[in-house]
Amino acid sequence: MKISGVDVKDLKEQYGTPLYIYDENHLIKNMEGYLKYFKSDKFETEVLFASKALNIKEIIRLCKKEGMSLDCVSKAEIYTALSVGFNPSNIYFHGNNKSYDDLVYAIENNIGVIVCDNLMELEQIEVISKELKKVVNVMFRMNVGVDAHTHKFIITAHVDSKFGVLYGSDDYKKIMELIKKSKNVKFIGFHSHIGSQIFDLNAFSAAASKIVSYLKDFDEELQINLGGGYGVHYTDDDKPIPFDIVSKTLINTVEAELSKQNIKIKKLSIEPGRSIVAEAGYTLYTIGYTKKTPNKEYYFIDGGMTDNIRPALYQAKYDCDIVGKENAKKDHIVTIAGKCCESGDLIIENYPLPEAKMGDLLITYTTGAYGYSMASNYNKALYPAIVFVKDGKSKLVVRRQTLEELIEREI
Ligand SMILES: *Cc1c(COP(=O)(O)O)cnc(C)c1O
């Protein structure tokens, strides 16, 4: 099996397993796709990579090269971006509980936009920006009452979300008063993020229509950020919408809402995370022991929940193959289990695969998002390496963690 012309068996020889592999051309295709189709002649557009899906230097360098902006949700994500010279004015800083220290760091480093979550945060930003004598661009995260964390979306007054502010609420009114008075906070628009792995674009239309209606209260042209959440293909149960259609539909929807409500905006942004990196990523494992229990057959791999927590965390489904046996008869129904001391440490359950031998390689697909970024050292598993492959060449972008590094902070 080859990925972008590189034989995965050679990758195993060179870098060992477990190993995260990214097809760089696929990453570039995704980034360029959004940038190409997310365009309007009615307002400026901007595509941000929601970096929590994979916040590593090499991806950030790629975003920089391709002209993507960046969404960060912690000081450390910002730190990583700045460490490779990413332009701070193209960074949006998210989060519902940014500390004083986080905000000072962001404001001192001239981060482009702070996406403020609540009244108390705004008060904090006001104090810090005054102290530091800076003018800070602030967007507000709104709870638009659209919840779409699954294949279906629900429009309810999802009033108790931990994220965002409800339009018209007491807090909202206080926020608007403070913004009007403040000389250091520059209010630039509204943000919403309604969920993840969404397949129904109507959910975004519902959110867009709400946000556009909030703009009626303002004379100046503001900015809308519709967040991310575009679904990807993990298994054939998922029917993702291609980025050109996602982009064009969102643009058309917002343009239509604006003309319907007779409102103009300055800029529209989106923040895809998963849909940029997920399908470009693979995880390569070595199979160790196999075993049969009365009702199950197990193939044990040398990684597991420590490099991919998603199956244990939310029953996420994946496809996989045994390398070199992709077309062999899949006459075993097996469960792929990791090596952690947790019964829930399963990557794939009851999946048809061919007979495996110890030392065979197993590859899982669509593991590029929220795999490495949610990895852990449970059982003192070492963080795997990450390689990028492109046109027959491979390059190491994250080195495998060593035992020394693992205990280096222990006193
Ligand atoms: C997580 C997140 C995203 C990206 O979501 P994906 O499902 O990975 O596309 C975008 N914006 C915000 C605010 C987020 O929290």
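All values reported here derive from a predicted model rather than from experimental measurement.

## So, the side chain of T286
Piece 1. You can see T286 is positioned in strand β14 (residues 281–292).
Piece 2. For T286, a relative accessible area of 13% translates into the label buried.
Piece 3. Side chain to side chain, T286 and T17 meet in a polar contact 2.6 Å long.
Piece 4. With residues up to four places along the chain from it excluded, the contact list for T286 reads K12, T17, F300, I301, D302, G359, D360 and L361.

## Points about the sheet that holds strand β7 (residues 113–116)
Piece 1. As summarised here, the arrangement of the eight strands in space is β4-β5-β6-β7-β8-β11-β12-β13, forming a closed barrel in which the pairing is parallel. In this sheet, neighbouring strand axes are inclined to one another by 30 degrees on average, regardless of whether the strands run parallel or antiparallel.
Piece 2. As defined by bridge partners, strand β12 (residues 222–225) adjoins strand β13 (residues 265–270) across four bridges and the pair is classed as parallel. Among the inter-strand pairings, L222 is bridged to a residue of β13, identified as I265.
Piece 3. Strand contacts of helix α6 (residues 119–131): β7, β8 (136–141) and β11 (185–191), with the helix running at about 150 degrees to β7, the strand carrying the most contacts.

## Section: the environment of K98
Piece 1. Following the sequence through the fold, K98 ends up in the loop between β6 (91–93) and α5 (100–108).
Piece 2. Classification of K98 by relative accessible area gives buried; the value is 7%.
Piece 3. From its side chain, K98 meets the backbone oxygen of G95 in a polar contact 2.9 Å long.
Piece 4. At a separation of 2.6 Å, a polar atom in the side chain of K98 contacts the main-chain carbonyl oxygen of V115.

## Quick word on the pairing of strand β20 (residues 385–390)
Piece 1. With five of its six residues buried, β20 lies for the most part within the structure.
Piece 2. Examined bridge by bridge, strand β3 (residues 19–23) and β20 share five bridges and lie parallel to one another. When the bridges of β20 are listed, L19 appears paired with A385.
Piece 3. Across five bridges, the pairing between β20 and strand β21 (residues 393–398) is antiparallel. Note on β21: the bridge partner recorded for K390 is K393.
Piece 4. If you look at the hairpin formed by β20 and β21, you'll find two residues sitting between the two strands, and D391 has a positive phi there, around 45 degrees.

Rules used throughout
- Residues numbered from 1 in each chain as written.
- Predicted model: local features only at pLDDT ≥ 70, side-chain atom pairs only at ≥ 80, totals over all residues.
- Heavy atoms only, no water.
- Helix = DSSP H or I, 4+ residues; strand = E, 2+ residues; numbered from the N terminus.
- Buried < 20%, exposed > 50% of the residue type's maximum accessible area, 1.4 Å probe, protein only.
- Polar contact = N/O pair within 3.5 Å; in protein donor to acceptor, adjacent residues only side chain to side chain.
- Contact = heavy atoms within 4.5 Å.
- Pairing = 2+ DSSP bridges.
- Axes fitted to C-alpha atoms, helices over the stretch in contact; angles between N-to-C directions.

From the geometry alone we can't say anything about function, so treat these as descriptive.
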